[in-house]
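# Analysis of the macromolecular model
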Amino acid sequence: MSEALNRKSYLTQNKGDFPESAEFMGVPYVKVDDLRYGTNPHQAAAYYKPVSAVDSVIGDMKVLKTGKSGLSQTNLEDISYSLNIVKYFKRPACACMKHVNPCGAAEALPGESLKQVYIKARDCDPRAAFGSVIAFNRTVDEETAQEIMSTFVECIVAPGYTEGAMAVFTNPDVKLDKQVRILQCGDLSKLPKYVGDDITNCRTLKVLGDGTVVVSEPLLTHLKSVADLQIATADSKTLGHVESTVKATDVQKDDLLAAWYINISVRSNGVVIVKNGGTLCVGTGEQDRVGAVEQAVEKFSQKYAGKETIQGAVMASDGFFPFPDAVEVAAKAGVTAIIAPAGSIKDADVIARANELGVALYHAPERVFSHH
């Protein structure tokens, strides 16, 4: 039997043995649905929601259009992480997710339409955005829908859609309309964002190779606004008290906060470079900090050649800088403001070097590693 026939047989016959209900740590769950597959086509999967969750943001999503087939685990994970980005923004925002990492994200500047926000997010890395999951924190309108359907996407998730947008997504004359899945999520304000928010039913579960389970609180942040940004300071025996002497502009402060929020959903080691409300590049999943910066800068050089410049952009790093080298790479590329947590024994050296390079450095109140 051919590989294609084997795969078809598996997908149509093996749904796995998943019960209709389950309980974990005293919390009852009910099965929402069987999934198309798990992470890969040969893995059966299903997803559940807490019984007590009413109008769950993801568990009670409305499937307005199914596409060629149902949702997979990878679709749901990308939906969750993309919503985890756009939930932070008060202005219209969009995130394009691929393999549980943002290939681009953006928020609206004054006067920008939702279509323009989507284009900023998509065009950060249009090659990676092909076949991505797209999330919005606003109702999707017709002109945005038309732009989305100019290329292939897996899923679109948003709080709502206009009639004109749905007409675009279901237009039988558009080749891609049979593939795209349209999902309406619940109220994004229900998702926890900041340390201290209600995290009922939102704990993170990690199942290890032998079935052992690690339970943790969700990754949230203390940073609620630009007013919470703190100039980097540190003390050392050799340099004494050192603090950042370069100041970010108001626009850069907004971008620093945006970069930080986006970086929460980037696999560590991760860095996010933002300019004018949109990502220019994302470095993710690197084993060393400077490698993440180098990866981001190299992505930019490949995909933005002649179109844009990093000069004046900002960068967020999800962990501290053990040495000044990552700051040097970012500064050489044109980054002039950075946010990262403190914690390195060389914090003072990093701050001093940033001052020499003309880079404003801010210390975040926590590390935001994500080992998803």
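Right, let's walk through the structure included here. Quick caveat, the model's predicted, so the values are computed rather than measured.

When helices and strands are counted, the protein chain shows 10 helices and 19 strands. A globule of 372 residues ought to have a C-alpha radius of gyration of about 21 Å, and the protein chain, at 22 Å, matches this closely. Principal-axis analysis of the C-alpha atoms places the extent of the protein chain at approximately 65 × 50 × 45 Å. Carbon and sulfur atoms provide 51% of the accessible area of the protein chain, an area that totals close to 17500 Å². For the protein chain, the distance from the average site of its 39 positive side-chain charges to the average site of its 45 negative ones is 3 Å.

Attention now goes to the nonpolar core. Ranked by internal contacts, the top residues of the largest apolar core, which has 51 residues, are Met61, Ile79, Leu83 and Ile339. The greatest single-element share of this core, amounting to 7 residues, is contributed by helix H7 (residues 250-263). When neighbours within four sequence positions are excluded, Ile79 is seen to be in contact with Met61, Leu71, Val133, Val157 and Leu183. Counting 32 residues, the second largest nonpolar core, distinct from the first, contains Ala234, Ala296, Tyr304 and Leu361.

Turning our attention to the sheet that holds strand E2 (residues 27-34). Hydrogen bonds between backbone groups are what pair the strands of a sheet, and the pairing can be parallel or antiparallel. Taken in spatial order, the 3 strands line up as E1-E2-E3 in an open sheet, and their pairing is antiparallel. Two strands bound the open sheet, and with one partner strand each, they are strand E1 (21-24) and strand E3 (46-50). Going across the sheet, the axis of each strand differs from the next one's by a mean of 40 degrees, ignoring polarity. Across 5 bridges, the pairing between E2 and E3 is antiparallel. Along E3, the bridge assignment pairs Asp34 with Ala46.

On inspection of all chains with the given rule, the structure shows 12 salt bridges. Between Arg122 and Asp123 there is a salt bridge, with its nearest N and O atoms 2.9 Å apart. Several salt bridges converge on common partners, so that one network encompasses Glu20, Lys31 and Asp34.

Bridge count between strand E4 (residues 62-65) and strand E9 (residues 181-184): 3 bridges; the pairing is antiparallel. Within the sheet, the bridge partner assigned to Lys65 lies in E9 and is Ile182. Two strands pair when backbone bridges link them, and strand E8 (residues 153-158) and E9 are joined in this way by 4 bridges, in the parallel orientation. What sits directly across from Ile156, in E9, is Ile182.

Right, let's talk about helix H8 (residues 289-303) for a bit. The terminal C-alpha atoms of H8, which comprises 15 residues, lie 22 Å apart, in line with the 21 Å expected from a rise of 1.5 Å per residue. Those residues of H8 that sit buried are Arg289, Val290, Gly291, Ala292, Val293, Ala296, Val297, Phe300 and Lys303. With a side-chain oxygen lying 2.6 Å from the backbone nitrogen of Gly291, the N-terminal cap of H8 falls on Asp288.

So, on to the side chain of Lys49. On the secondary structure map, Lys49 appears in strand E3. Within the structure, the side chain of Lys49 is placed 3.4 Å from the backbone oxygen of Ala53, a separation counted as a polar contact. Once residues lying within four places of it in the same chain are set aside, the contact partners of Lys49 are Pro28, Tyr29, Val30, Val32, Ser56, Gly59 and Asp60.

Attention now goes to the packing of helix H9 (residues 325-333) against helix H10 (residues 347-357). At a minimum axis separation of 9 Å, H9 and H10 run at an interaxial angle of 15 degrees. Comparing their axes, H10 and H9 come out roughly parallel. Handedness of the crossing formed by H9 with H10: right-handed. In this structure, H9 uses Val327, Glu328 and Ala331 to contact H10, whose residues at the interface are Val350, Arg353, Ala354 and Leu357.

For the pair H8 and H9, interaxial distance at closest approach is 8 Å and the crossing angle is 15 degrees. It follows that H8 is roughly parallel to H9 by the angle criterion. Crossing of H8 over H9 shows left-handed handedness. Residues Arg289, Val290, Val293, Glu294 and Val297 of H8 pack against Asp325, Ala326, Val329, Ala330 and Ala333 of H9.

Conventions used here
- The numbering scheme is per chain: residues are counted from 1 as the chain's sequence reads.
- Residues qualify for local features only when their pLDDT is at least 70, as the model is predicted, and side-chain atom pairs are given and counted only at 80 or more; totals for whole chains, interfaces and linings, by contrast, use all residues.
- With hydrogens and water set aside, each side-chain value is computed from the structure's full complement of heavy atoms.
- Note on conventions: DSSP H or I runs of at least 4 residues are helices, E runs of at least 2 residues are strands, and numbering of each starts at the N terminus.
- The reference for a compact globule is 2.2 Å times residues^0.38; the radius of gyration itself is calculated from the C-alpha atoms.
- The Shrake-Rupley method, run with a 1.4 Å probe sphere, supplies the accessible areas, and residue values consider only the shown protein chains as cover.
- When charges are counted, Lys and Arg are positive and Asp and Glu negative, with His and the chain ends excluded.
- A charged residue contributes its charge at one atom only: NZ of Lys, CZ of Arg, CG of Asp or CD of Glu.
- Throughout, nonpolar core names a set of buried Ala, Val, Leu, Ile, Met, Phe, Trp, Tyr and Cys residues whose side chains join them through atoms within 4.5 Å.
- Burial classification: accessible surface area is computed with a 1.4 Å probe over protein chains only, and a residue below 20% of its type maximum counts as buried, one above 50% as exposed, and the rest as partly exposed.
- What makes two residues a contact is simply this: any of their non-hydrogen atoms within 4.5 Å.
- Strand pairing is assigned whenever DSSP detects at least two bridges linking the two strands.
- Axis lines are fitted through C-alpha atoms, for helices just across the contact stretch, and the angle between N-to-C directions can take any value from 0 to 180 degrees.
- Here a salt bridge means any side-chain nitrogen of Lys or Arg lying within 4 Å of a carboxyl oxygen belonging to Asp or Glu.
- The span one expects for a helix is its residue count, reduced by one, times 1.5 Å.
- Within 3.5 Å is the distance limit for a polar contact, defined as a pair of N or O atoms, with the added protein rule that one can donate a hydrogen and the other accept it, and that residues adjacent in sequence qualify only through two side-chain atoms.
- Should an angle lie under 35 degrees it is considered roughly parallel, over 145 roughly antiparallel, and from 65 to 115 roughly perpendicular; all remaining angles are considered oblique.
- Two helices crossing with the near one rotated counterclockwise from the far one by less than a right angle form a left-handed crossing, whereas a clockwise rotation gives a right-handed crossing.

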